Amino acid sequence: MSAGAAQGRAGFGRAIAWVLLLAGGLAMVLPLAFMFSTSLKDASEVYDLRLLPAHPTLDNYVTVLSDGRFLRWFGNSMGVATVVTLSNVFFDSLVGYTLAKFEFRGRYFVFLAILSTLMVPTEMLVIPWYVMARNFGWLDSYWGIMFPGMMTAFGTFLMKQFFETVPNDFLEAARVDGLNEFTIFWRIAMPLVTPALSALAIFTFLSNWTAFIWPLIVTTSKELYTLPVGLSSFAVEQQIQWELIMTGAALATLPTLLVFLALQRYIVRGVVMAGLKG
Amino acid sequence: MAGIAVERLVKRYGPTQVVHGIDLDVQDGEFVVFVGPSGCGKSTTLRMIAGLEEIDGGEIRIGGRVVNRLEPKDRNIAMVFQNYAIYPHMSVGENIAFGLYTSKLGKAEKRAKVEEAARILGLEDLLERRPSALSGGQRQRVAIGRAMVRDPAAFLFDEPLSNLDAQLRAQMRLEIKRLHQRLGATIVYVTHDQVEAMTMADRIVVMREGRILQVGSPMELYERPADVFTARFIGSPTMNVLPAAAEGGGLALAGGRVALEGGAVPSGGRVLVGVRPQQLRVLEAGETADLLLSGHVAVVEPLGSETFVHVEVGDQLVLASAAAKAAPPVGTAVRLGADAAALKLFDAETERAL
Ligand SMILES: Nc1ncnc2c1ncn2[C@@H]1O[C@H](COP(=O)(O)OP(=O)(O)O)[C@@H](O)[C@H]1O
Ligand SMILES: [Mg+2]
């Protein structure tokens, strides 16, 4: 095959890739675009599917933000997602590190037990969680919303895999230098896996920010609703006001974006190998 | 500073024993190098001294104190690793200061120590840098700095130069040796490179398969190796070892003979004759020597100051030296000779020196 033909074929393949990626990108961006556009529309214009509103207005934002409930739910979601994220970053790492770096009897069994819970879908866990929350008196409380997610098998697994890439020399050097085991974990091992920690923090924050089923089930008082639960109650209680729902949803995506922007650079930076040979 | 004593030290990994009861006394201020092929248990031994591995038998004393059950942090030793193990998320200065993490010194004193170490190691201008911006040699210096600031009872080095290129290795050898002279520190140094052992050690410990074969100064090991393994391991290029049989007052080899006085070997006994390439010369016509071999030149390796020739003697390749400018061309028939004083004789069965 001549070089020209090879290039032509590669060019064709690239064109196909571009088209597919573009289609995928559009499919993902369009709903978002509609969400923002609807949030800028006036009620009379909502069913007019033009992407650019004819008379853009910020009235919906004023309405939503001046409704105390929305801010309360926003705050609830923020608080719950933040606490759960911090908890995961700390405890998943602690367990993952222990599983990755210490030899002890039953280590493999513990790991398998944790891993096996990955295969149980949330829908199946909701009932046992509910029974547990009821028996402990955690129903309709912040702790009730948070407790199932304070540690996750996925996070533990992820952190274990990353800690395994941390060379033992680092830990042993610190051990010889006289650090205790917790300080080694905290001052040496954790900074070496910041990319993984950022990824874990993003995943955890997002999944808790958007969590719907469990907060819906465990809460009954409106003051404890998280944002997704609150927004859906918006939708059912009055006649459906799409422009307001879309405004709420648009506001709800903001923290997601902020979290991603704040943490993404850590994901890209691979620090682990820098202290080693090479 | 303190000496280190090891007695009947044993290590097992599951059913396999990897260190078989070794004994060693390292004097205060001594530079001892463990040398041996990869997998012979050098690192394991060093790590047991550091407390990073539990011991399965025997005793370790540092400065006269039994440390068998002590955590690494309570042994007051410093260790430098092959991969440097300097922390990538800290600057050079922070890395060196990390050696003082648990020290009770005041801030100013710590600072002074870090600066002194940096000055000795030539790192003053790099204190703010990240490790990723350093060369391999600089990284290893940072690791040494981190060890130095602690004033430990002893330094342990595990193949610290193995990741460096040959030139840098030679330079760092010199620096570590000078550092030892300057600090008067007790050093236990592990390497698989006999050149490092020869050039730096006060005493060399030759290890093989979890046992100590021989302990001695570099020159002792070079001149009086206790067995074939040490003889071949120490010295470069490798010593020639040729099988021979005692015969009528001398020794007969494939392609040659040795004239020996006074029946050093009982008649009919089988031995191994060792001769270093530097002492096995290409003979001029008519010249004679105690050991005589004849064969054909297979390969010529000029090194500038001297030239090594590989000669096929019988079915064995023998390495000999020739004057730099008078090396015989490939294919010529040559005679090789060495003095009896330069020969090492080993028992063919036990491979121990006779
Ligand atoms: N953690 C371990 N588990 C099992 N075997 C090991 C372990 N560490 C080392 N070994 C074995 O012990 C022997 C000695 O290893 P080591 O001390 O690292 O050798 P060296 O440093 O001389 O190259 C080797 O055969 C090695 O395979
Ligand atoms: Mg080793």
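Residues numbered from 1 in each chain as written. Chains lettered and ligands numbered in written order. Predicted model: local features only at pLDDT ≥ 70, side-chain atom pairs only at ≥ 80, totals over all residues. Heavy atoms only, no water.

The name an unreviewed UniProt entry gives chain B is Sugar ABC transporter ATP-binding protein, with Alsobacter soli as the organism. What the UniProt record of chain B gives under Sequence similarities (unreviewed entry) is the line "Belongs to the ABC transporter superfamily." Taken directly from UniProt, the Subcellular location (unreviewed entry) text for chain B runs: "Cell inner membrane". (UniProt positions renumbered as here; feature names shortened; annotations may be inferred.)

Per an unreviewed UniProt entry, chain A goes by the name Sugar ABC transporter permease and belongs to Alsobacter soli. Entered under Sequence similarities (unreviewed entry) in the UniProt record, the comment concerning chain A runs "Belongs to the binding-protein-dependent transport system permease family." Regarding chain A, the relevant UniProt record gives this comment under Subcellular location (unreviewed entry): "Cell membrane".

Q: Tell me what's going on with the domain arrangement of chain B, and back it up with residues and numbers.
A: All names here are of chain B. Along its sequence, chain B is organised into domain 1 (4-233) and domain 2 (240-347). Using C-alpha coordinates to define each centre, domain 1 is positioned 39 Å away from domain 2. Between domain 1 and domain 2, the buried area comes to about 620 Å², and carbon and sulfur atoms account for 61% of it. For domain 1, the biggest contributors to the area lost against domain 2 are Tyr-222, Val-228 and Ala-231; these three give 64% of the whole. On inspection of domain 1 and its partner domain 2, the count reaches 2 residue pairs in polar contact (both at pLDDT 80 or more). Counting only elements with at least two residues in the side of domain 1 that touches domain 2, the list comes to α7 (218-223) and α8 (228-233). Counted by class, the side of domain 1 that touches domain 2 contains 5 nonpolar, no polar and 3 charged residues. (Domains from an automatic or database assignment. Buried area = accessible area lost by both parts, 1.4 Å probe. Polar contact = N/O pair within 3.5 Å; in protein donor to acceptor, adjacent residues only side chain to side chain. Helix = DSSP H or I, 4+ residues; strand = E, 2+ residues; numbered from the N terminus. Nonpolar A, V, L, I, M, F, W, Y, C, P; charged D, E, K, R; others polar.)

Q: Describe a nonpolar patch on the surface, listing the residues and the values that go with them.
A: Taken together, Leu-26, Leu-30, Leu-51 and Leu-52 of chain A make up a surface patch of nonpolar side chains, about 400 Å² in accessible area. Tracing the chain through its elements places Leu-26 of chain A in helix α1 (residues 3-39). (Patch = residues over 30% accessible without salt bridge, like charges linked within 9 Å, V, L, I, M, F, W, Y side chains within 5 Å. Areas by Shrake-Rupley, 256 points an atom, 1.4 Å probe, with all protein chains shown as cover. Salt bridge = Lys/Arg side-chain N within 4 Å of Asp/Glu carboxyl O.)

Q: Describe the interface of chain A and chain B, listing the residues and the values that go with them.
A: By a frequent convention, interface size equals the accessible area lost on bringing the separate parts together. With 22 residues of chain A at the contact, the number on the chain B side is 26 residues. Approximately 2200 Å² of surface area, both sides summed, lies buried where chain A meets chain B, with 61% of it carried by carbon and sulfur atoms. Applying the counting rule to chain A against chain B returns 3 salt bridges. A salt bridge links Arg-47 of chain B to Glu-172 of chain A, with the nearest nitrogen and oxygen atoms 2.6 Å apart. If you list the elements that add at least two residues to the side of chain A that touches chain B, you get α8 (168-176) and α9 (181-192) of chain A. Looking at which element gives the most residues to the side of chain A that touches chain B, the answer is α8 of chain A, with 7 residues. Of the residues that constitute the side of chain A that touches chain B, the class distribution is 12 nonpolar, 4 polar and 6 charged. (Contact = heavy atoms within 4.5 Å.)

Q: So what about unusual backbone geometry? Which residues, and what values?
A: Residues and elements named next belong to chain B. In this chain, Ser-236 is followed by Pro-237 through a cis amide linkage whose omega measures -5°. Note on placement: Pro-237 falls in the loop between α8 and β11 (240-247). Here Glu-159, not a glycine, exhibits a phi torsion of approximately 45°, which is positive. Residue position: Glu-159 is located in the loop between β7 (154-158) and α5 (166-183).

Q: So what's going on with the site of ligand 1? Which residues, and what values?
A: Residues and elements named next belong to chain B. Neighbouring ligand 1 are Tyr-13, Val-18, Pro-37, Ser-38, Gly-39, Cys-40, Gly-41, Lys-42, Ser-43 and Thr-44. Within the contact set of ligand 1, an oxygen atom lies 2.6 Å away from a backbone nitrogen or oxygen of Gly-39. Lys-42 has a polar backbone atom sitting 2.9 Å from an oxygen atom of ligand 1. About the coverage of ligand 1: the protein hides 56% of its 560 Å² of free accessible area. (Near = heavy atom within 4 Å.)

Q: Quick rundown of the side chain of Asn-76 of chain A? Include the residues and the values.
A: Residue and element names in this part refer to chain A. Secondary-structure assignment places Asn-76 in helix α3 (residues 68-101). Overall, the relative accessible area of 5% leaves Asn-76 in the buried class. Each residue touching Asn-76, except ones within four places of it in the same chain, is listed here: Tyr-142, Glu-223, Leu-224, Tyr-225 and Thr-226. (Buried < 20%, exposed > 50% of the residue type's maximum accessible area, 1.4 Å probe, protein only.)

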